[in-house]
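Per-entry structural report
What follows is the residue order along each chain.
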Amino acid sequence: MIDLIDVHKHFGTKKVLQGVNLTIPRGESMVVIGGSGTGKSVLLKCILGLMSPDSGTITLDGEDVTKAERDAFLARFGMLFQGAALFDSLPVWQNVAFRLLRGSLKRPRPEAREIAIEKLRRVGLTPDVADLFPAELSGGMQKRVGLARAIAAEPEIIFFDEPTTGLDPIMAGVINDLIREIVVEMGATAMTITHDMSSVRAIADKVAMLHNGVIQWTGPVGQMDASGDAYVHQFITGSATGPIEAVR
Amino acid sequence: MNPAAALTARIGRATLGLFGAIGRLVIFAASAVSHILRPPFYPREFLSALLNIGYLSLPVVGMTALFTGGALALQIYAGGARFSAEAVVPQIVAIGMVRELGPVMVGLMIAARVTSSIAAETATMKVTEQIDALVTLSTHPMKYLTAPRVLAALIVVPALVGVGDVIGIMGGYLVGVEQLGFNPATYIKNTWNFLETADIVSSLVKGAAFGFIAAVMGCYYGMNSGRGAQGVGRATKSSVEAAAVMILAANFLLTNMFFTA
């Protein structure tokens, strides 16, 4: 279980997180929604330790993430980045098997390659993709490779940062379905940040809305449409009028 | 605020900024050295860096040294003629190439070719979240990106300087023998007899120092790049400028250390 308690983060004079409280239960898929620039990515990076919160506590199964042993802590996570963040200098299979080629999870290269190809198959890519370089792939294929990399070491917790950004609606649907299938199949805890409502409905068990640096509303995805929260209503209907300023 | 106070405040801020920047750079360089010494090590990345920094720099280093040596021979011959000292061409070309021009030219070529490439690649990795991805894959970016490159530069740039020295002397020899009418055997003998071990050691030490500076600057500016294409461009430009200035400053300090004691 991931717990965020009164998390604050600012950049210069801009207060991005102003007391975030959020619980992500084990085995659930939590989707954090919110407008651009509301601090969703910052929240995710604070959990992973890529950024340090100014104050507040973030715990994973009761252990403060800032005090956890880094390698063991990170070994529990997989992450799909917004732009896939594949390593340009490595072929696809080495990207997918990156964790299996070095560090505590190191396997012999042939075995790591086998696992990479199996994970590529799992995300709908054929083995001939394995030896291509990321620059030779389309945006959708890069996202799939990023997804394969995120699940390669079978992590307990997977983070998805804007998984469908930049994809056409059909490919976005394919990625959403893959994420849902994989999360259910692996029994993983998932946290997704997005402002794509089709992703929210496809992926989420629970939804949290981040606005003005705090969680405005949280609840099961089935209750989202009838949440009664003006911020959530405006966001999911995409209305220009409401409590969220259209010009930010 | 009165103008004098405003000026003082501005100078104070600039001084603090300068010392802050120097401090960050020194801490980064110290961290790079500590990551070179502590496991895990990444031999594939190290070998790749050796190939990129060393082997692939050979053509540009060789051509630069060849033409520099040739031009040096012509200048010494023309200058020496003013006081009937044309015969010192082999000795001065040798000492000039080994002590100064070889290391400095190679250092600047490495700054242009390697520092820029490291900075641009690392900055692009930062902008596209590849460095964050490394962290989430339990891989320390300093260990995976910086340590192998700095170690490779530390080892291979002295070798490049050695190659540059030899090719530069050869450039002087070609001009001396083919154009200025020197006897080939006498030219080689005068070169060989005039050089001392200290000249060669100073050349190689300079090479190691310049390699370290070039790689550290590329990694530092790349890792600290701003956002977007402009951030990558600025990081690349700043890394080359800083590396070139620091190489020339280090050359002055090392020359002072080796030859004025």
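Because the structure is a prediction, the values reported are computed rather than measured.

Structural notes on the confidence of the model for chain B
Here chain B averages 94 in pLDDT, and 100% of its residues register 70 or above. Reported confidences for the modelled complex are a pTM of 0.88 and an ipTM of 0.88.

Side note on the interface of chain A and chain B
Listed by partner, the interface residues are 15 residues for chain A and 11 residues for chain B. Mapped by element, the contributors of at least two residues to the side of chain A that touches chain B are α2 (70–74) and β6 (77–80) of chain A. Each residue belonging to the side of chain A that touches chain B can be placed in one class, and the counts come to 10 nonpolar, two polar and three charged.

Things to note about the sheet that holds strand β8 (residues 189–194) of chain A
All names here are of chain A. The mixed open sheet is built from six strands, whose spatial order is β6-β7-β8-β3-β9-β10. Both outer strands of the open sheet, β6 and β10 (214–220), are each paired with one neighbouring strand and no more. Direction aside, the axes of adjacent strands within the sheet are offset by 15° on average. Direction of pairing for strand β7 (residues 157–161) relative to β8: parallel, over a ladder of five bridges. Counted as the bridge partner of Ile158 is Ala190 from β8.

Some words on the sheet that holds strand β2 (residues 14–24) of chain A
Read from one edge of the open sheet, four strands run β2-β1-β4-β5 (chain A), paired in antiparallel fashion. Pairing within the sheet leaves two strands with one partner each, and these edge strands are β2 and β5 (63–64) of chain A.

Reading the values: the criteria
- Residues numbered from 1 in each chain as written.
- Chains lettered and ligands numbered in written order.
- Predicted model: local features only at pLDDT ≥ 70, side-chain atom pairs only at ≥ 80, totals over all residues.
- pLDDT = per-residue confidence, 0-100.
- Contact = placed C-beta atoms within 7 Å.
- Helix = DSSP H or I, 4+ residues; strand = E, 2+ residues; numbered from the N terminus.
- Nonpolar A, V, L, I, M, F, W, Y, C, P; charged D, E, K, R; others polar.
- Pairing = 2+ DSSP bridges.
- Axes fitted to C-alpha atoms, helices over the stretch in contact; angles between N-to-C directions.

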